[in-house]
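Chain by chain, the residues run as shown.
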Amino acid sequence: MRTLLSWSTGKDSAWALHVLRQRPDVAVVGLVTTVNAAFDRVAMHGVRRALLEAQAEAAGLPLHVLEIPHPCPNADYERIMGAFVAEQAAAGVEAMAFGDLFLEDIRRYREETLAGTGIAPLFPLWGIDTAVLAREMIAGGLEAHVTCVDPRKLPARFAGRRFDLGLLADLPPGVDPCAENGEFHTFACAGPMFGSSIAVETGEVVTRDGFVFCDVLPRTGAEVPSPLGEKVPRRGG
């Protein structure tokens, strides 16, 4: 099946790509990401577009960026996504995959949204125990940084931390190891789904709209894609 992957820039979508590429019945043909048009950053994760583009390049896949307004009413989101899905179905895409783990209402919403479009929903990570999955990701070489924290569910000090065994050990009781309840979001910078790692460093931590964001930056001197598609070194701090 020609499949697009809903790409958040985080660990779950990255690991979903790794899992999908091991399935003989699936051919991942592109990544789909919503970007907040007001900030030019990935929605919820707060990741810069340049790093999103670096991920797609490292994964060797075309990137489809859907710009959404801020704030984005659900009707606007569904209109933008619906037009994209219709376009991709006409182009021969057969499935869209998501990195969802166990939230039934989210899965049901995705299934209902795609019903009748000709594109089938796929959930390659669905039902895996998240404590097991988190450790499997880390053991498998996935590297990620926490870019967004919901301070109502997790202390703000976790913003910017690496997603590693130390972080898992420090999570308060009741926090899902994969943050499926929205406790935190991540940026994946290395792993078996990428042909090369993405050199990053953590920057400023800010609070916005009730969430704590850590800015992830291309590491000084690292190469990032230019608007023309060629690589250029990042300069400065």
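Everything in this summary refers to the structure shown in the same document. (Residues numbered from 1 in each chain as written. Predicted model: local features only at pLDDT ≥ 70, side-chain atom pairs only at ≥ 80, totals over all residues. Heavy atoms only, no water.)

## Some thoughts on helix 3 (residues 74–90)
Given a rise of 1.5 Å per residue, 17 residues ought to cover 24 Å, and the 24 Å separating the end C-alpha atoms of helix 3 matches this to within 8%. Elements in contact with the buried residues of helix 3: strand 1 (2–6), strand 2 (27–36), strand 4 (63–68), strand 5 (95–97) and helix 4 (104–114). After helix 3 finishes, the residue Gly92 shows a positive phi value of roughly 100 degrees. (Helix = DSSP H or I, 4+ residues; strand = E, 2+ residues; numbered from the N terminus. Expected span 1.5 Å × (residues − 1). Contact = heavy atoms within 4.5 Å.)

## Thoughts on the packing of aromatic side chains
A full pass over the atoms with the stated rule returns four aromatic pairs. Both rings, one in Phe123 and one in Trp126, keep their centres 6.0 Å apart while their planes meet at 65 degrees; by these two values the pair is edge-to-face. On the basis of relative accessibility, which here comes to 11%, the residue Phe123 falls in the buried class. Look at Phe163 and Phe184: their rings are 6.4 Å apart centre to centre, the planes differ by 45 degrees, and that puts the pair in the tilted class. Of this pair, Phe163 sits in the loop between strand 7 (143–149) and helix 6 (165–170) while Phe184 is found in strand 8 (residues 184–190), placing the two residues 21 residues apart along the sequence. Across the pair, exposure class does not vary: Phe163 and Phe184 are buried alike. Here a set of aromatic residues connected by ring pairs shows up, and it is made of Phe98, Phe123 and Trp126. The ring centre of Phe163 lies 5.4 Å from the NZ or CZ of Lys11, which sits over that ring. It is Arg208 that lies over the ring of Phe39; its NZ or CZ is 4.8 Å from the centre. (Phe/Tyr/Trp six-rings, centres within 6.5 Å; stacked < 30°, edge-to-face > 60°. Buried < 20%, exposed > 50% of the residue type's maximum accessible area, 1.4 Å probe, protein only. Lys NZ or Arg CZ within 6 Å of the ring centre and 35° of its normal.)

## Focus on the sheet that holds strand 8
In space, the four strands of this open sheet follow the order 8-7-10-9, with antiparallel pairing throughout. Edge strands, defined here as strands with exactly one partner in the open sheet, are strand 8 and strand 9 (200–208). Strand-to-strand, the axes of this sheet are offset by a mean angle of 30 degrees, without reference to chain direction. As judged from the seven bridges shared by strand 9 and strand 10 (residues 211–218), these two strands associate in the antiparallel manner. Bridged to Thr207 within strand 10 is Val212. (Pairing = 2+ DSSP bridges. Axes fitted to C-alpha atoms, helices over the stretch in contact; angles between N-to-C directions.)

## Considerations on the pairing of strand 10
Extensive coverage of strand 10 is indicated by the burial of eight of its eight residues. Sheet topology note: the strand 7/strand 10 ladder contains two bridges and is antiparallel. Bridge pairing links Val149 to Val212 in strand 10. Count of turn residues in the strand 9/strand 10 antiparallel hairpin: two residues, of which Asp209 carries a positive phi of about 55 degrees.

## Describing the pairing of strand 8
Counting buried positions along strand 8 gives seven out of seven residues, so the element sits mostly inside the fold. The sheet contact formed by strand 7 and strand 8 spans six bridges and is antiparallel. Each residue of the ladder has a partner; that of Ala144, found in strand 8, is Ala188.

## Examining the pattern of salt bridges
In the structure shown here, the tally under the stated rule is twelve salt bridges. Linking Lys11 and Asp12 is a salt bridge whose minimum nitrogen-to-oxygen distance equals 2.9 Å. A single burial state applies to Lys11 and to Asp12, both of which are buried. Ionic pairing is found between Asp150 and Arg152, a salt bridge with its closest N-O pair at 2.9 Å. Each of Asp40, Arg49 and Glu67 takes part in a single network of salt bridges with overlapping partners. (Salt bridge = Lys/Arg side-chain N within 4 Å of Asp/Glu carboxyl O.)

## Examining the packing of helix 1 (residues 11–20) against helix 5 (residues 130–139)
The axes of two packed helices give the description: the angle between them and the distance between them. For the pair helix 1 and helix 5, the least separation of the axes is 11 Å and the interaxial angle reads 70 degrees. Judged by the inter-axis angle, helix 1 sits roughly perpendicular to helix 5. Residues Lys11, Asp12 and Trp15 of helix 1 form the contact with helix 5, whose own contacting residues are Leu133, Glu136 and Met137. Of the residues belonging to the contact of helix 1 with helix 5, the class tally is three nonpolar, no polar and three charged. (Parallel < 35°, antiparallel > 145°, perpendicular 65-115°, else oblique. Nonpolar A, V, L, I, M, F, W, Y, C, P; charged D, E, K, R; others polar.)

## Description of the side chain of Asp215
By secondary structure assignment, the location of Asp215 is in strand 10. Assessed through its relative accessible area of 13%, Asp215 is described here as buried. When residues no more than four places from it in sequence are discounted, the contact partners of Asp215 are Arg41, Arg48, Glu201, Thr202, Gly203 and Glu204.

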